[in-house]
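Here is what each chain is made of, one letter per residue.
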Amino acid sequence: MSFFSNFSSDHCPGTITGNPLNGLCEKVCIQAEKIFDAGIIQTRLENYSVALENPVPSNPTYPLTFISARSLSSEGTVTDLSVERQAENQCARVQATITIPIEIVYMDANGVEGKATSSIVLNEDVLMFVPPASVIPFSVTATASCVAPEGTFHTDTGTFTVSACITCILKVSMQVELLVPSYGYCAIPPAQEFSHEVCSGFFELPLYPQGKSCCKK
């Protein structure tokens, strides 16, 4: 069993049935990341030049043939951050440079597949809500995903020119202690082991076909 395997218990996460106040037993302080604002940025870059770093295997034979490129992780690095509060509202002008690490897969002139790392850099200028000044500072982070289905190699510079599709989520967040209502500790059910039971489907068939008999009216 597991939470997902329809384990029925008042102390397991799942759909609330009945009065949601039933079972509440305490107020709990939890440490969590509070998201004050978030915004998604989706863009397509054309003819973006990327240099090859840390090729594997090293010293590939030129020219290279582009196969694919995609982001290495879901985290973008935020640098050159500037937050300018707007006097007329609660928003602020947030300017930042977001660096997205990518991996490029290619084929060299000898037919050997290789890969190398590189990065794509975005310069963003957006309006976002930022919380008032406090002892605990807020932070601006980026979650990013990138895929480049097309690319052209330039032998003279040793670089690729790619077309990239990018989705980036900017978040204004802070580590806080939140007071939340609680039903107590979770009851953890035992995990169900996976097994190849070849007869299970056959044994579950009814002995005779189900439904109305053609002789009955």
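Computed from a prediction, not measured in an experiment: that's the story for all the values here. (Residues numbered from 1 in each chain as written. Predicted model: local features only at pLDDT ≥ 70, side-chain atom pairs only at ≥ 80, totals over all residues. Heavy atoms only, no water.)

Caption draft 1: How the structure looks around the pattern of salt bridges. Evaluated as defined, the whole model comprises 3 salt bridges. A salt bridge links Arg93 to Asp125, with the nearest nitrogen and oxygen atoms 2.6 Å apart. In this pair, Arg93 is assigned in strand β5 (residues 91-107) and Asp125 in strand β6 (residues 113-129), connecting sequence segments 32 residues apart. Owing to a relative accessible area of 41%, Asp125 belongs among the partly exposed residues under this scheme. (Salt bridge = Lys/Arg side-chain N within 4 Å of Asp/Glu carboxyl O. Helix = DSSP H or I, 4+ residues; strand = E, 2+ residues; numbered from the N terminus. Buried < 20%, exposed > 50% of the residue type's maximum accessible area, 1.4 Å probe, protein only.)

Caption draft 2: Quick peek at the packing of aromatic side chains. Here the structure, examined in full by the defined rule, presents 4 aromatic pairs. For the pair Phe66 and Phe160, a centre-to-centre distance of 5.6 Å together with 65° between the ring planes defines the contact as edge-to-face. Residue Phe66 is located in strand β3 (residues 65-71), and its partner Phe160 is located in strand β8 (residues 159-182); the two are separated by 94 residues in the primary sequence. For the pair Phe66 and Phe160, one class covers both residues: buried. Three or more aromatic residues joined by ring pairs form one cluster here, namely Tyr62, Phe66, Tyr106, Phe153 and Phe160. (Phe/Tyr/Trp six-rings, centres within 6.5 Å; stacked < 30°, edge-to-face > 60°.)

Caption draft 3: Broad picture of the environment of Ile120. Within the secondary structure layout, Ile120 lies in strand β6. Each C-alpha atom of the pair Ile120 and Cys146 lies 8.7 Å from the other, and the pair is 26 residues apart in sequence.

Caption draft 4: View of the pairing of β8. Bridge analysis of strand β1 (residues 26-51) against β8 gives 23 bridges, and the strand direction is antiparallel. Bridge assignment links Ser49 to a residue of β8, and that residue is Thr161. Here 14 bridges tie strand β7 (residues 139-154) to β8, and the two strands are oriented antiparallel to one another. By the bridge assignment for β8, Ser139 is matched with Ser173. Taking the residues between adjacent antiparallel strands as the criterion, β7 and β8 are bridged by 4 residues, where Gly158 takes a positive phi near 70°. (Pairing = 2+ DSSP bridges.)

Caption draft 5: Summary view of the nonpolar core. Within the largest apolar cluster, 32 residues are counted, with the highest numbers of intra-cluster contacts made by Ile100, Ile104, Ile120, Phe160 and Ile166. For this core, the secondary-structure elements that each account for two or more residues are β1, β3, β5, β6, β7 and β8. Among residues more than four places away in sequence, those in contact with Ile100 are Ser71, Ser118, Ser119, Ile120, Leu122, Ala144, Cys146 and Ile166. (Core = buried A, V, L, I, M, F, W, Y, C linked by side-chain atoms within 4.5 Å. Contact = heavy atoms within 4.5 Å.)

Caption draft 6: How the structure looks around the environment of Asp156. For Asp156, the position within the fold is in the loop between β7 and β8. The exposed category is assigned to Asp156, whose relative accessible area is 70%.

Caption draft 7: Seen up close, the confidence of the model for the chain. Summary statistics for the chain give a mean pLDDT of 89 and a share of 89% for residues scoring 70 or more. The lowest-confidence element of the chain is helix α1 (residues 200-203), averaging 68 in pLDDT; the highest-confidence one is β3, averaging 97. (pLDDT = per-residue confidence, 0-100.)

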